[in-house]
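Next come the chains, spelled out residue by residue.
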Amino acid sequence: MPIEKIWISFYTILRKDIVRVFRIWPQTFLPSVVTSVLYFLVFGTIIGTRLGDFNGVSYIHFIIPGLVMLAVVTNAFTNTASTFFQAKFFSRNIDELLVSPTPPWVIIAGYVAGGMVRGILVGILVLLVSVFFAFPPILHPFIIFLFLILSSMIFALGGLVNGIYAKSFDGITIIPTFVLTPLIYLGGVFYSVASLPPLFKEFTLINPIFYLVNGFRYGFLGFSDVSVGLSIGVLLALTVILIAINWYLIKTGLGLKQ
Amino acid sequence: MNENALTINDLKKTYKSGTVALQGVSLTIPKGDFFALLGPNGAGKTTIIGIVTGLVNKSSGTVEVFGHDIEKDTEKAKTFIGVVGQEINFNPFERPLSIIVNQAGYYGIPRNIAVPRAEQLLKDLGLYEKRNQRAMELSGGMKRRLMIARALIHEPQFLILDEPTAGVDVELRRSMWEYLKTLTAKGVTILLTTHYLEEAEQLCKHVAIINKGAIVAKGTMEEILALHDDTAESDGYRAGKLEEVFIKLTKE
């Protein structure tokens, strides 16, 4: 397929998804914003004021980057998982793409870009809401941008694997509930890994969200539990692995074709 | 370009469940033909169509569309094909115009070309007034026509129709066939599966009859109809010639 046709195909997948995300905005944008307001209120304002400083910053400043990241990753994941699964399972309109000459990598890019757009937009909304509670410092904007891109991409890719492979509606709710949520809560959104007992600390180091949250927090506050270089390395490796898995699944039709 | 729209050689398919759907099917459809692939339910028709269109993985054998192998030259082969599946497979929340224009996008057709083309197709198929209505609000026949319009948006040279008139009333079926005849007149090759054998008899130049995953008869319509035994005793119900041949070839 010539490059201009590939671009049109990619743009079509992305445009269709963005139109859908905006059309159902009470389902796509509002929930994360409302949840974040509650977190800021309860953990930041009510409980946080009694906890004292973390590395020289107030608790609410400490949790803002993690809560933004939480919104980004859950929305990026849910978007690709649910969009792809619905197209595959309910209306079966994924056939529209599968019978077309659109190459597998363009299908992946289109769906992932849609998930990234939603994740990043919701992240920005949550960040804007946080301003009403405490304005976070922004020390390294490029690092913030990089982690926003990497985190939304990784979880959109993860959501796509989930959406391709899920065989029932349970299949796309089990992963976010029993895998994603524990990883997020144990990934250092609400605490510093330095405060954990050694065994839990070791477990945290195999949690990808830990690297996302810390790198992102470094962009705002200038400190991290782990080196930013290591975080970027781990995230890039994850990105490559997830792209390869998605490409294999769509190319071979595993979970899609009979 | 290859003179055959479709060339299938020794195509086999066994599903994960162990069901043998195709046991070495070989078939050629000449360019410009109106070809009927007939068979009882579960004979393997939809499996063949699934493999040709890239929705089902084959176990072995080769499939070429206008000389392009569907495995080695997938993207090129797919550009020739338009498919109307057996099941309704569009997003019911979308609008007919967007469904067709988006499909054009997947073939790399820019919106400024796709929109007027889609509008013309909707007019041709009597759906223009419904273009901005939700697809779920269309009647069964309209949904079928929408699928035909979607399959034609990239101007395919090979149109595959898997029971396109199932559940469609007589009047609408006739208008659909008339429309399809105009396509063959323009050189589009059509592969049709249908349970309305009298229509296949009237429309198609070539026929293949498949049963239990194997082709049991193929040839021109005249050759297939010649298999009919005019002296055979009727059991009381007298069907069309093709139907009689079909029953004779596919009965247990």
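Residues numbered from 1 in each chain as written. Chains lettered and ligands numbered in written order. Predicted model: local features only at pLDDT ≥ 70, side-chain atom pairs only at ≥ 80, totals over all residues. Heavy atoms only, no water.

(A) Representation of the packing of aromatic side chains. Summed over the entire model, instances satisfying the criterion amount to 17 aromatic pairs over all chains. Seen in terms of ring centroids, A:W7 and A:F10 are 5.6 Å apart; in terms of plane orientation they differ by 35°. Their pairing is tilted. One end of the pair, A:W7, and the other, A:F10, are both in helix α1 (residues 3-23), three residues apart, so they sit about a helical turn from each other. For A:W7, a relative accessible area of 52% gives the class exposed. Plain terms: the ring middles of B:F66 and B:F80 are 4.9 Å apart, the flat faces sit at 40° to each other, and that makes the pair tilted. Of the two residues, B:F66 is situated in the loop between β4 (60-65) and β5 (68-69) and B:F80 in helix α2 (residues 74-80); the sequence distance between them amounts to 14 residues. Here B:F66 and B:F80 have matching classes, each one buried. (Phe/Tyr/Trp six-rings, centres within 6.5 Å; stacked < 30°, edge-to-face > 60°. Helix = DSSP H or I, 4+ residues; strand = E, 2+ residues; numbered from the N terminus. Buried < 20%, exposed > 50% of the residue type's maximum accessible area, 1.4 Å probe, protein only.)

(B) How the structure looks around the interface of chain B and chain A. If you look at the interface, chain B gives 29 residues, while chain A gives 24 residues. When chain B packs against chain A, the two sides together hide about 2500 Å² of surface, and 52% of this comes from carbon and sulfur. Counting the surface chain B buries against chain A, the share from its top three residues, B:L55, B:E75 and B:Y106, is 29%. Put simply, chain B and chain A have two salt bridges between them. Where chain B meets chain A, there are nine residue pairs in polar contact (both at pLDDT 80 or more). Breaking the side of chain B that touches chain A down by element, the ones donating at least two residues are α2 and α3 (96-106) of chain B. Looking at which element gives the most residues to the side of chain B that touches chain A, the answer is α3(B), with five residues. (Contact = heavy atoms within 4.5 Å. Buried area = accessible area lost by both parts, 1.4 Å probe. Salt bridge = Lys/Arg side-chain N within 4 Å of Asp/Glu carboxyl O. Polar contact = N/O pair within 3.5 Å; in protein donor to acceptor, adjacent residues only side chain to side chain.)

(C) Highlighting the pairing of strand β9 (residues 206-211) of chain B. All names here are of chain B. Of all six residues that make up β9, five are buried, and the element is covered over most of its length. Judged from the four bridges that link them, strand β3 (residues 34-38) and β9 form a sheet pairing that is parallel. When the sheet's bridge partners are listed, L38 is paired in β9 with I209. Hairpin connection, β9 to strand β10 (residues 214-220): the antiparallel pair is bridged by two residues, and K212 has positive phi, about 50°. (Pairing = 2+ DSSP bridges.)

Function cannot be inferred from these measures alone, as they are strictly geometric.
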